[in-house]
Amino acid sequence: MKRVWICGLIIASILITSSAWLVVLCNKNERLSQLIDDAVESVRSGDSDSATRAIDDLCKYWESFYATASVFERSTPLDNVSDSVAKLKSLYENGSEEFYSECETIRCAADRIFKSNLPFVPDSTSQ
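Residues numbered from 1 in each chain as written. Predicted model: local features only at pLDDT ≥ 70, side-chain atom pairs only at ≥ 80, totals over all residues. Heavy atoms only, no water.

### Observations concerning the layout of surface pockets
Of the voids in this model, the largest pocket is the one considered here, and its volume is about 180 Å³. Glu 73, Arg 74, Pro 77, Asn 80, Val 81, Ser 84, Thr 105, Ala 109, Arg 112, Ile 113 and Ser 116 together form the lining of the largest pocket. Those elements that provide at least two residues to the lining of the largest pocket are α3 (75–93) and α4 (98–116). If one sorts the elements of the lining of the largest pocket by residue count, α4 sits on top with five residues. For the lining of the largest pocket, the class distribution of residues is four nonpolar, four polar and three charged. (1 Å grid on protein atoms, 1.4 Å probe; cavity = no way out; pocket = protein on both sides within 12 Å on 5 of 7 lines; lining within 4 Å. Points joined across faces, edges and corners; volume = space filled by probe spheres on them. Helix = DSSP H or I, 4+ residues; strand = E, 2+ residues; numbered from the N terminus. Nonpolar A, V, L, I, M, F, W, Y, C, P; charged D, E, K, R; others polar.)

Here is the structure:
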């Protein structure tokens, strides 16, 4: 009977850890999306001080996001986003229109990271 309780506790701890991770990742994703929106709005408004500040905030936030996500996520998707984040300041300073596409790339990649962590049951009836 002890083994059943131990197995139950192990399964419960896995479920709790997984659920907590999803909540943390969801919150971090929402914050990242908000920072991307702030950066895009600041760049469009033409205020260089607020745009630089918003881009710096986004870059700093990504560093903390990377540190947290690297615990459960493979490094390849995270490294790809890091490359895009590293380009933002240069793209802004050069006045490149690619700034906006890199922001969307970051948003989509972060969303893909979140969705890859969601448990799902494949729908076998749709095939």
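Once the structure has been displayed, the description carries forward.
### A few points about the confidence of the model for the chain
With 94% of its residues at a pLDDT of 70 or more, the chain has an overall mean of 86. Taken element by element, the chain is modelled with least confidence in α3, mean pLDDT 87, and with most confidence in helix α1 (residues 2–45), mean pLDDT 91. (pLDDT = per-residue confidence, 0-100.)

### Thoughts on the packing of α3 against α4
How two helices pack is summed up by the angle between their axes together with the distance between the axes. It is the contact of α3 with α4, at a shortest axis distance of 9 Å, that shows an interaxial angle of 160 degrees. Taken together, the axes of α3 and α4 are roughly antiparallel relative to one another. When the axes of α3 and α4 are compared, the crossing they make is left-handed. Where α3 abuts α4, its residues Pro 77, Leu 78, Val 81, Ser 84, Val 85, Lys 87, Leu 88, Leu 91 and Tyr 92 lie against Glu 98, Phe 99, Glu 102, Cys 103, Thr 105, Ile 106, Ala 109 and Ile 113. Grouping the constituent residues of the contact of α3 with α4 by class yields 12 nonpolar, two polar and three charged. (Axes fitted to C-alpha atoms, helices over the stretch in contact; angles between N-to-C directions. Parallel < 35°, antiparallel > 145°, perpendicular 65-115°, else oblique. Left-handed = near helix turned anticlockwise from the far one by under 90°. Contact = heavy atoms within 4.5 Å.)

### Let's talk about the nonpolar core
In terms of nonpolar packing, the biggest core is built from 30 residues, with Leu 32 and Phe 99 touching the most fellow members. Elements with a contribution of two residues or more to this core: α1, α2 (48–69), α3 and α4. Every residue in contact with Leu 32, bar those within four places of it in the chain, is listed here: Leu 58, Tyr 61, Trp 62, Ile 106 and Ala 110. (Core = buried A, V, L, I, M, F, W, Y, C linked by side-chain atoms within 4.5 Å. Buried < 20%, exposed > 50% of the residue type's maximum accessible area, 1.4 Å probe, protein only.)

### Comments concerning the packing of α2 against α3
In the contact formed by α2 and α3, the axes pass within 10 Å of each other and the chain directions differ by 165 degrees. Between α2 and α3, the interaxial angle falls into the category roughly antiparallel. As α2 packs across α3, the resulting crossing turns out to be left-handed. Residues Ser 48, Ala 51, Thr 52, Ile 55, Asp 56, Leu 58, Cys 59, Trp 62, Tyr 66 and Ala 69 of α2 touch α3, and the partners they reach there are Ser 75, Leu 78, Asp 79, Val 81, Ser 82, Val 85, Leu 88, Lys 89 and Tyr 92. Residue composition of the contact of α2 with α3, by class: 12 nonpolar, four polar and three charged.

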